[in-house]
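Topology and contacts: notes
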Amino acid sequence: MNTDKRRRMLAAGAAGAALVGAAVLPSPALAEPDDDASVRVTVDIDEVREPGVLALSIAGDAVALSEDGSTLLVRQFVGTLPTVTVTDTRVADEVPDGVGWAVLGSATDFAGTSGQAPITADHLGWKPRLLDGGDSGLVTEGEEVVTALDEETLPGNNVGLVDQELLVSAFDSEAVASDSYSVNADLYLRTPAEVAAGEYSSTLTLSLFE
């Protein structure tokens with residue numbers, strides 16, 4: 001056998017061996033038609049929380065004074081301020097550092113509805129009374145403010161409700177947040193005995209400051 005023929009036979013045998021070797025390799029796995037898989041997606045959404053507020057409310061818009069405790073020199077008319085509530089729905093993080101709040105009150109002169117001379121606001125006094133101050137001890141009522149006809153109890157107190165007088169306050173707003181507090185006050189109008197008869201009216205304004 002010549003050399004070229006021998007070489008061709010050896011090459012053919014090698015190719016056959018390569019084919020036989022390839023035939024025994026494993027085939028890749030194929031997905032079955034129409035197979036699918038799923039992933040569960042969840043989310044927990046918190047309720048939207050509106051920012052808290054500091055607010056004032058009054059349980060009524062009028063009070064009628066009635067005569068009680070008059071003397072020969074001074075006529076006295078008394079009543080009770082409707083309950084005043086301060087509500088703070090803020091959380092501590094919403095409250096500015098180092099602030100407190102206060103409710104102040106002032107009254108206009110008592111105008112006579114039939115043309116009588118007015119009774120000036122320094123004849124109206126009050127004695128605040130804390131109804132619910134919480135447990136912190138940081139919410140307190142204001143001092144009594146007496147009228148121009150009274151003996152002086154504290155320096156500067158014989159002014160009546162002419163200017164903004166303290167009804168209730170909190171020293172530290174952050175420490176008393178997320179709660180509500182209530183207060184009222186004894187009101188008294190004291191006039192000279194010779195005051196003109198007739199109906200009078202005044203507006204007592206309460207303001208909340210922080």
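On a predicted model such as this, the values are computed, not experimentally measured, just so you know. (Residues numbered from 1 in each chain as written. Predicted model: local features only at pLDDT ≥ 70, side-chain atom pairs only at ≥ 80, totals over all residues. Heavy atoms only, no water.)

What the rule picks out here adds up to six salt bridges. For arginine 75, the salt bridge identified is with glutamate 67, shortest N-O distance 2.9 Å. Here arginine 75 falls in the partly exposed class, since its relative accessible area comes to 27%. Relative accessible area serves as the criterion here: at 40%, glutamate 67 is assigned to the partly exposed category. Here glutamate 210 and arginine 90 are joined by a salt bridge, their closest N and O atoms 2.8 Å apart. Of the two residues, glutamate 210 sits in the segment after β11 (204–209) while arginine 90 sits in the loop between β3 (74–88) and β4 (101–107), which places them 120 residues apart along the sequence. Residues joined in a network through salt bridges with shared partners are Asp88, Arg90 and Glu210. (Salt bridge = Lys/Arg side-chain N within 4 Å of Asp/Glu carboxyl O. Buried < 20%, exposed > 50% of the residue type's maximum accessible area, 1.4 Å probe, protein only. Helix = DSSP H or I, 4+ residues; strand = E, 2+ residues; numbered from the N terminus.)

Before going further, it helps to examine the packing of aromatic side chains. Summed over all chains, the structure comprises one aromatic pair. Judged by centre distance (6.2 Å) and plane angle (40 degrees), the rings of tryptophan 101 and tyrosine 181 are tilted. In this pair, tryptophan 101 sits in strand β4 while tyrosine 181 sits in strand β9 (residues 179–192), placing the two residues 80 residues apart along the sequence. In terms of burial, tryptophan 101 and tyrosine 181 fall into one category: buried. Across the ring face of tyrosine 188, the terminal group of arginine 190 is positioned such that the distance to the ring centre comes to 3.9 Å. (Phe/Tyr/Trp six-rings, centres within 6.5 Å; stacked < 30°, edge-to-face > 60°. Lys NZ or Arg CZ within 6 Å of the ring centre and 35° of its normal.)

Here we take up unusual backbone geometry. Look at serine 178: it is not a glycine, yet its phi comes out positive at around 60 degrees. One can find serine 178 in the loop between β8 (165–170) and β9.

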